[in-house]
Amino acid sequence: MKAVSVEEAVAMIPAGASLMVGGFMGVGTPERLLDEVVRQRKTGLTLISNDAATPGKGVGKLFDQALVTKLTATHIGLNPKAQQQMLANQIAVDLVPQGTFVERIRAGGCGLGGVLTPTGVGTLVAEGKRQVEVDGKPFLLETALRAQFALVHAFLADYLGNLAYALTSRNFNPVMAMAADTVIVTAEHIVPVGVIAPDHVVTPAPLVDYLITNG
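The sections below set out a description of the structure shown in this document.

How each quantity is defined
- Residues numbered from 1 in each chain as written.
- Predicted model: local features only at pLDDT ≥ 70, side-chain atom pairs only at ≥ 80, totals over all residues.
- Heavy atoms only, no water.
- Helix = DSSP H or I, 4+ residues; strand = E, 2+ residues; numbered from the N terminus.
- Rg over C-alpha atoms; globule rule 2.2 N^0.38 Å.
- Buried < 20%, exposed > 50% of the residue type's maximum accessible area, 1.4 Å probe, protein only.
- Areas by Shrake-Rupley, 256 points an atom, 1.4 Å probe, with all protein chains shown as cover.
- Lys, Arg positive; Asp, Glu negative; His and termini not counted.
- Charge placed at Lys NZ, Arg CZ, Asp CG, Glu CD.
- Salt bridge = Lys/Arg side-chain N within 4 Å of Asp/Glu carboxyl O.
- Pairing = 2+ DSSP bridges.
- Contact = heavy atoms within 4.5 Å.
- Polar contact = N/O pair within 3.5 Å; in protein donor to acceptor, adjacent residues only side chain to side chain.
- Axes fitted to C-alpha atoms, helices over the stretch in contact; angles between N-to-C directions.

### Things to note about the overall build of the chain
Phase 1 of the analysis: Across its full length, the chain holds six helices and twelve strands.
Phase 2 of the analysis: Relative to its length of 215 residues, the chain is compact, with a C-alpha radius of gyration of 17 Å against a globular reference of 17 Å.
Phase 3 of the analysis: Referenced to the eigenvectors of the C-alpha coordinate spread, the extents of the chain come out at roughly 55 × 40 × 25 Å.
Phase 4 of the analysis: When each of the 215 residues of the chain is scored for burial, the buried share is 47%.
Phase 5 of the analysis: Accessible surface, the chain as shown: approximately 9900 Å² in total, 55% of it carbon and sulfur.
Phase 6 of the analysis: Each charge sign in the chain was given a centre, from 16 positive and 18 negative side chains, and these centres are 3 Å apart.

Listed below in structure tokens is the structure:
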């Protein structure tokens, strides 16, 4: 793990990169990193996030500036800008049931090829997907999700990069920290090693590549 400024961290992200961004409607989202992505104008992004947030908040800032070309999410219902861009064919949107979404990310983090789910069997969701029968029941094979970068927000980080989360910010951040080639973290508080009890570490330091300094 290396401590870097937010400017240095975002400079490593090329245009056209794939990003996983933690958070649920902006809760538990690394706002400082997203502000810097906007400032450096990283265009053509493939975004994997639970939702499109709302204009001016969370990943909604990326849609405000039309930086996203592809989105994989569970819903975009509260962001009219994302909806407008989808209807104008400015972004490609893949809507995924929330349980399937998180399990595909978890599979990506665990080195699995995908997951079997009954969700979507017999619907339009099943078109073009492999169907597998287990004990006489049909399941869809949903492939794993990974990204080049995960932008993660934690409540506590220690000097080694161990992370703990607060309340609902423990939504998608931990699984996304497992499913990206490079993991960049912001934290509310950065504390000495030992302050986070071992039993309270959710994301262990070996998964974290860069920690944004709070200075």
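Now, onward.
### What about the pattern of salt bridges?
Phase 1 of the analysis: In this structure the tally under the stated criterion is seven salt bridges.
Phase 2 of the analysis: With its nearest N and O atoms 2.6 Å apart, the salt bridge here joins K61 to D35. Here the residue K61 occupies a position in helix α3 (residues 60-64), and D35 occupies one in helix α2 (residues 31-39), the gap between them amounting to 26 residues.
Phase 3 of the analysis: For D35, a relative accessible area of 39% puts it in the partly exposed group.
Phase 4 of the analysis: As a salt-bridge pair, E142 and K129 come within 2.9 Å of each other at their nearest N and O atoms. With E142 in strand β8 (residues 137-143) and K129 in the loop between β6 (114-117) and β7 (131-134), this residue pair connects regions lying 13 residues apart in the sequence.

### Let's talk about the pairing of strand β2 (residues 18-21)
Phase 1 of the analysis: Here β2 shows two buried faces, one formed by S18 and M20 and the other by L19 and V21.
Phase 2 of the analysis: Bridge analysis of β2 against strand β3 (residues 45-48) gives three bridges, and the strand direction is parallel. Within β3, the position partnered with S18 by the bridge is T46.

### Overview of the environment of E36
Phase 1 of the analysis: Along the chain, E36 falls in helix α2.
Phase 2 of the analysis: Counting along the chain gives 157 residues from E36 to V193, while the straight-line C-alpha distance between them is 28 Å.
Phase 3 of the analysis: Not counting the four nearest positions on each side in its chain, E36 is found in contact with V6, E7 and V10.
Phase 4 of the analysis: Looking at E36, its side chain comes within polar contact range of the side chain of Q40, at 2.8 Å.

### Details of the environment of A66
Phase 1 of the analysis: Residue position: A66 is located in the loop between α3 and β4 (68-73).
Phase 2 of the analysis: Taking the C-alpha atoms as reference points, A66 and Q85, 19 residues apart in sequence, are found 8.1 Å from one another.

### As for the sheet that holds β7
Phase 1 of the analysis: Sheet architecture is open: three strands sit in the order β6-β8-β7, paired in antiparallel fashion. Two strands lie at the open edges of the sheet, namely β6 and β7, each paired on one side alone. In this sheet, adjacent strand axes meet at a mean angle of 35° when their direction is disregarded.
Phase 2 of the analysis: Bridge analysis of β7 against β8 gives four bridges, and the strand direction is antiparallel. Bridge assignment links V132 to a residue of β8, and that residue is F139.
Phase 3 of the analysis: The strands touched by helix α5 (residues 98-110) within the sheet are β6 and β8, with β6 carrying the most contacts at an inclination of about 145°.

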